[in-house]
Amino acid sequence: MADPAVLTFRDATAADADAVADLLTLSWQDAYAVLLPALLLQERLPTLHREMWRRHFAAPRPGIVLLAEAPDGLRGFCAVWLDGAEAYVDNLHLRPGLRGAGLGRALLGRAVAGVMAQGATRAALTIIEGNDGALRFYERLGGVAGAGYDAVLHDVGTRYQRVAWADAGALVAACEVGGANGRKIGGALPLQATPPKA
């Protein structure tokens, strides 16, 4: 892993659409290999994700797409939309192999805080049912999981599970300390914010 001292966060711009889409595809191929069909993951997603992110940046939703970058490129991103009073976490994805070092937590906390500044008071997201690692991660941050429900994802039947926080500030605080149990994570990432690329 690159020196975390040179890791930066910034808001994504339209020029980042393909990089965000490509990282999303790699993350899905890694995390969802046993949950979604190979045909979708390997053949359809690259095009679907690029089209989706290009459309987003052409007409952005209220919210934030926050990037984490290092000299070797994009490390992860978090997309959170403002939906009424809710910060809806649509995407939190890291480059494969980077989970477990605190980067996802740092991205999530910063992105939700950014949408709280736009008016959100609570937070929520959905995961694909069976993504047990993601569920444990969000529950450690104080999320409360609801019952699974049937859904269709890119023309593929699947099941989702909603995870919610009644207080978005509690989620942000949990991200800062490493979990809802209050355990402080040693050596917080020395990250610096940078302005968006022109």
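Note that the coordinates shown come from a computational prediction; the quantities given were computed from them, not determined experimentally.

**A word on the nonpolar core**
Counting 36 residues, the largest nonpolar core has Val-80, Leu-107, Leu-108, Val-112 and Tyr-138 as the members making the most contacts within it. Contributing elements (two or more residues each) for this core: strand E2 (63-70), strand E3 (73-83), strand E4 (86-94), helix H3 (103-116), strand E5 (122-128), helix H4 (132-140), strand E7 (156-165) and helix H5 (168-177). In this structure, Leu-108 is in contact with Cys-78, Val-89, Leu-92, Phe-137, Tyr-138, Leu-141, Leu-171 and Cys-175, ignoring residues within four places of it in sequence. Grouped together as the second largest cluster of nonpolar side chains are 23 residues, Ala-21, Val-65, Leu-74 and Phe-77 included.

**Observations regarding the packing of aromatic side chains**
Aromatic rings in a pair are described by how distant their centres are and how their planes are angled relative to each other. Taken as a whole and judged by the stated rule, the model has six aromatic pairs. With a centroid separation of 5.6 Å and an interplanar angle of 90 degrees, the aromatic rings of Trp-53 and Phe-77 are classed as edge-to-face. On the criterion of sequence distance, the pair formed by Trp-53 in helix H2 (residues 38-58) and Phe-77 in strand E3 is long-range, its members being 24 residues apart. When its relative accessible area of 0% is taken as the criterion, Phe-77 is described as buried. Between Tyr-138 and Trp-165, the aromatic rings sit 6.1 Å apart at their centres with planes inclined by 85 degrees, giving edge-to-face as the arrangement. One end of the pair, Tyr-138, is in helix H4; the other, Trp-165, is in strand E7, and 27 residues separate them in sequence. An identical accessibility class is assigned to Tyr-138 and Trp-165; each is buried. Three or more aromatic residues link up through ring pairs in this structure, and these residues are Trp-53, Phe-57, Phe-77 and Trp-81.

**As for H5**
If you check which residues of H5 are buried, you get Ala-168, Leu-171, Val-172, Ala-174 and Cys-175. The arc that holds the buried residues of H5, viewed along the axis, is 160 degrees, so those residues lie on one side. Contacts made by the buried residues of H5 are with H3, E5 and E7. N-capping of H5 is provided by Asp-167, with a side-chain oxygen placed 2.8 Å from the backbone N of Gly-169.

**Things to note about the pattern of salt bridges**
One pass over the structure, following the stated rule, counts 12 salt bridges. A salt bridge links Arg-54 to Asp-18; the nearest nitrogen and oxygen atoms lie 2.8 Å apart. With a gap of 36 residues between them, Arg-54 in helix H2 and Asp-18 in helix H1 (residues 17-31) connect regions that are remote in the sequence. On the basis of relative accessible area, Asp-18 is assigned to the partly exposed category, the value being 23%. The shortest N-O distance in the salt bridge between Asp-22 and Arg-50 comes to 2.6 Å. With Asp-22 in helix H1 and Arg-50 in helix H2, the pair connects residues that are 28 residues apart, well separated along the chain. A relative accessible area of 30% places Asp-22 in the partly exposed class. By relative accessible area, Arg-50 is classed as partly exposed at 29%. One salt-bridge network, in which partners are shared between bridges, spans Asp-18, Asp-22, Arg-50 and Arg-54.

**Looking at the environment of Asp-16**
With respect to the helices and strands, Asp-16 occurs in the loop between strand E1 (8-11) and H1. Between the C-alpha atom of Asp-16 and that of Leu-67, which follows or precedes it by 51 residues, the distance is 9.2 Å. In contact with Asp-16, not counting residues within four places along its chain, are Arg-10, Asp-11 and Leu-67. Here Thr-13 takes part through its backbone nitrogen, which lies 2.8 Å from a polar atom of the side chain of Asp-16.

**Remarks on the environment of Phe-77**
Taking the C-alpha atoms as reference points, Phe-77 and Ala-12, 65 residues apart in sequence, are found 8.8 Å from one another. Discounting residues that sit within four places of it in the chain, Phe-77 has contacts with Val-20, Leu-23, Leu-24, Trp-53, Val-65, Leu-66, Leu-67, Asn-91, Leu-92, His-93 and Leu-107.

Rules and cut-offs
- Residues numbered from 1 in each chain as written.
- Predicted model: local features only at pLDDT ≥ 70, side-chain atom pairs only at ≥ 80, totals over all residues.
- Heavy atoms only, no water.
- Core = buried A, V, L, I, M, F, W, Y, C linked by side-chain atoms within 4.5 Å.
- Buried < 20%, exposed > 50% of the residue type's maximum accessible area, 1.4 Å probe, protein only.
- Helix = DSSP H or I, 4+ residues; strand = E, 2+ residues; numbered from the N terminus.
- Contact = heavy atoms within 4.5 Å.
- Phe/Tyr/Trp six-rings, centres within 6.5 Å; stacked < 30°, edge-to-face > 60°.
- Arc of directions from axis to C-beta.
- Polar contact = N/O pair within 3.5 Å; in protein donor to acceptor, adjacent residues only side chain to side chain.
- Salt bridge = Lys/Arg side-chain N within 4 Å of Asp/Glu carboxyl O.

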